[in-house]
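Remarks on the overall topology
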Amino acid sequence: MNSDLPHPRVERTIVTLQNLGHKVVLFSVNYGEPISKNNISCQVIRINVPLIIHKISALSFSIDLYSRFFIDHIKRAIKNVKPNLLFVNNTLISRAVLSANKKFNLPTILDVHENYASISKYYPHFNNFIYNFLISNNKIKIAQKKIYSKYDNLIFVTKEASNYAIKHEGVSVEKTTVLTNTVHPNLFLKYPANNNLKTRFKNKFITLYLGDLGLRRGMDFIIDSFNDLIKEFDDIVLILVGSSKQDIFLKEKIKLLKLEKSIFFEGWKNENLFPSYIKSSDVCLCPINRNEHHNTTHANKLFQYMSGGKPILASNCDSQELLINSTNSGLVYTYNDKKDFKNKFLKLYASDNLRKDYGNNGLNAIKNKYSWENQSKGFVNLINSISKKTII
């Protein structure tokens, strides 16, 4: 795992494994970033890696120098730790784990955070001529299918993602487990929340977005849509908590549209500050673009918004539309349709009672059906089926 912790999904699984009585050792890759404070207590094997290795990581499915770099490090870690199970959280490094494990033949689990073959073509570096020349999306799909076939068990974020892998990538049903991105009661729900943002933006209608600000997350569309809204309603503000390599483009666009007094970049913040941002907001956004991957995933932010009792306004990517409609926790607009976005936004803007109802419904879902206790049952059963007490 990358050393930029806390990573919410990794933290949740580690804490759950520890609560089951397992010892967890985290193999962490560091590319020279500052080591973030995290909420977990476990042994960490941190490998400092030259930045050039990070830069060629996208080529790991063709010229696989990336995996080769890590094989000996992983072998050494296995020899020292003597684990009973290898639990992998990164598709890019998953090939290196398989190669290192040939000698040890330990059981393996790959937690598929995202369908890399589907989403990688939207990453900025894949617009680079050199990358396009060296690797095709078809090669990545073939490599990913092969990786899946070699892992003993696969964990997916949604049922839709699991079904996609079964239908299109030859994964057997028996190998799959679903573990949603819902919040953990002893992690996210323990963070304190304040109303400082409400004080800072007094008498404003606060719209919040948390997370990566890449264009594939719908940021370009949101800025264009708010340009129209703010012309009519000057009390609306948009707070962007996050960052991406495309920040410069977004900031230039906001400046060009003269929206600096209505759209605010907060930069990347530690997750422990998220509840305060959510508490102070009126509406929370998840405007990700429709594509093969986004149609089968749930962003962490959806459950974070719901845990704060706030209404969600999201694009109609299949999985998140199903989640929001089934929990009645917000409204869904047609992807890339500014008119529909505006209509749905103004429906929320106009009714405090409607926002409260949707927010309460989301909070109720987090306490019941989408509680970590309920959603992690399959994961717990999987771990228990492998061993009662292990080093992972």
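Each remark here, short or long, concerns the structure printed above.
What counts, and where the lines are drawn
- Throughout this document, residue positions are counted from 1 along each chain, in the order its sequence is written.
- Reporting of local features is limited, given that this is a predicted model, to residues whose pLDDT is at least 70; pairs of side-chain atoms are given and counted only at 80 or more, and all residues count toward the totals for whole chains, interfaces and linings.
- Hydrogens and water are ignored here; the side-chain numbers use all heavy atoms of the structure.
- In what follows, a disulfide is any cysteine sulfur pair within 2.5 Å.
- Burial status follows relative accessibility: with a 1.4 Å probe on protein chains alone, a residue under 20% of its type maximum counts as buried, one over 50% as exposed, and anything between as partly exposed.
- Interaxial angle, 0 to 180 degrees, is taken between N-to-C directions of lines fitted to C-alpha atoms, where a helix line uses only the stretch in contact.
- Numbered from the N terminus, helices here are DSSP runs of H or I no shorter than four residues, and strands are runs of E no shorter than two.
- Here the angle decides the label: under 35 degrees means roughly parallel, over 145 means roughly antiparallel, 65 to 115 means roughly perpendicular, and every other value means oblique.
- Rotating anticlockwise by less than a right angle from the far helix to the near helix defines a left-handed crossing, while the corresponding clockwise rotation defines a right-handed one.
- Note on definitions: a residue-residue contact is assigned when non-hydrogen atoms from the two residues lie within 4.5 Å.
- Throughout this entry, Asp, Glu, Lys and Arg are counted as charged residues, while Ala, Val, Leu, Ile, Met, Phe, Trp, Tyr, Cys and Pro are counted as nonpolar. The remaining residues, Gly among them, count as polar.
- A pair of strands is treated as paired once DSSP finds two or more bridges between them.
- When two rings of Phe, Tyr or Trp (its six-membered ring) have centres within 6.5 Å they constitute a pair, described as stacked for plane angles under 30 degrees, edge-to-face for angles over 60, and tilted for the intermediate range.
- Cavities and pockets were defined on a 1 Å grid built over protein atoms only: a cavity is a set of grid points that admits a 1.4 Å probe from which the probe cannot escape, a pocket is an open set flanked by protein on both sides within 12 Å along at least five of seven lines, and lining residues are those with an atom within 4 Å of any such point.
- Grid points are joined across faces, edges and corners, and a volume is the space filled by probe spheres set on the points.
- Here, the arc refers to the directions that run from the helix axis to the C-beta atoms.
- In a helix, the anticipated span is given by 1.5 Å times the number of residues less one.

Section: the state of the cysteines
Tallied over the full model, the rule gives zero disulfides. Among the cysteines around cysteine 286, which has no disulfide bond, cysteine 317 carries the closest sulfur, lying 7.6 Å off. A residue is classified by how much of its surface remains accessible, and cysteine 286, at 0% relative accessible area, is buried.

What to know about the packing of helix H1 (residues 8-19) against helix H18 (residues 377-386)
Where H1 contacts H18, the axes come no closer than 11 Å and their chain directions differ by 50 degrees. It follows that H1 is oblique to H18 by the angle criterion. The handedness of the crossing between H1 and H18 is right-handed. Every residue of H18 that contacts H1 at Thr13, Thr16 and Leu17 is listed here: Phe379, Val380 and Ile383. Class assignment of the residues belonging to the contact of H1 with H18 gives a composition of four nonpolar, two polar and no charged.

Points about the sheet that holds strand S10 (residues 283-286)
Sheet strands pair via backbone hydrogen bonds, and the direction of the pair is either parallel or antiparallel. Here we have six strands laid out as an open sheet, ordered S9-S8-S7-S10-S11-S12, and parallel in their pairing. In this open sheet, the two strands that pair with only one neighbour each are strand S9 (263-267) and strand S12 (330-333). Averaged over all pairs of adjacent strands, the angle between their axes in this sheet comes to 25 degrees, without regard to strand direction. Inspection of the sheet shows strand S11 (residues 312-315) paired to S12 by four bridges, in the parallel sense. Paired with alanine 314 across the strands is valine 332, a residue of S12.

A word on the packing of aromatic side chains
Two numbers describe a pair of aromatic rings. These are the distance of the centres and the angle of the planes. For the coordinates displayed, the defined rule picks out 18 aromatic pairs. Plain terms: the ring middles of tyrosine 333 and phenylalanine 341 are 5.0 Å apart, the flat faces sit at 90 degrees to each other, and that makes the pair edge-to-face. Per residue, the accessibility class of tyrosine 333 equals that of phenylalanine 341, and both read buried. Grouped by ring-pair contacts, the aromatic residues Phe205, Phe221, Phe226, Phe233, Tyr333, Phe341, Phe345 and Tyr349 constitute a single cluster.

A few points about the packing of helix H4 (residues 91-100) against helix H7 (residues 137-150)
Axes are the key here: two packed helices are described by the angle between their axes and the distance separating the axes. Contact geometry of H4 with H7 gives a least axis separation of 10 Å together with a crossing angle of 50 degrees. As far as their axial angle goes, H7 and H4 are oblique. Considering only the axes of H4 and H7, their crossing is left-handed. Residues Thr91, Ser94, Arg95 and Leu98 of H4 form the contact with H7, whose own contacting residues are Gln144, Ile147 and Lys150. Partitioned by chemical class, the residues of the contact of H4 with H7 number two nonpolar, three polar and two charged.

Points about the layout of surface pockets
A volume near 250 Å³ is recorded for the second largest pocket. In terms of lining, the second largest pocket is formed by 13 residues, of which the most central are Arg95, Leu98, Ser99, Lys146 and Lys150. Elements supplying a minimum of two residues to the lining of the second largest pocket: helix H3 (65-81), H4 and H7. Its residues assigned to classes, the lining of the second largest pocket shows five nonpolar, two polar and six charged.

Thoughts on the sheet that holds strand S4 (residues 108-112)
Taken together, the four strands give an open sheet; going across it, the order is S3-S4-S5-S6, and neighbouring strands pair in parallel fashion. Each of the sheet's edge strands pairs with one partner strand only, and the pair in question is strand S3 (86-88) and strand S6 (176-178). Here the average twist between neighbouring strands, direction ignored, is 20 degrees. The pairing of S4 with strand S5 (residues 153-156) spans four bridges and is classified as parallel. Considered in S5, the bridge of isoleucine 109 is made with asparagine 153.

Points about helix H8 (residues 159-168)
Along an α-helix, residues three or four positions apart point the same way, because every turn accommodates 3.6 residues. Those residues of H8 lying buried are Ala161, Ser162, Tyr164 and Ala165. Viewed end-on, H8 has its buried residues packed into an arc of 160 degrees, placing them on one side of the element. On its buried face, H8 is in contact with helix H5 (116-119), H7, S5 and S6. Downstream of H8 by a residue or two, glycine 170 has a phi angle that is positive, lying close to 70 degrees.

A word on unusual backbone geometry
Unusually for a residue other than glycine, lysine 82 sits at a positive phi of about 55 degrees. Inspection of the secondary structure assignment puts lysine 82 in the loop between H3 and S3. Of the residues examined, lysine 82 reaches a relative accessible area of 61% and is grouped as exposed.

Digging into H7
With 14 residues, H7 ought to run about 20 Å at 1.5 Å a step, and its terminal C-alpha atoms sit 20 Å apart, in line with that. Taken as a whole, H7 has its buried residues at Ile140, Ala143, Gln144, Ile147 and Tyr148. Each buried residue of H7 lies within a common arc of 140 degrees when the element is viewed along its axis, so the set occupies one face. Those residues of H7 that are exposed and angled more than 90 degrees off the buried face are Asn138, Ile142, Lys146 and Ser149. Buried residues in H7 make contact with H4, S4, H5, S5 and H8.

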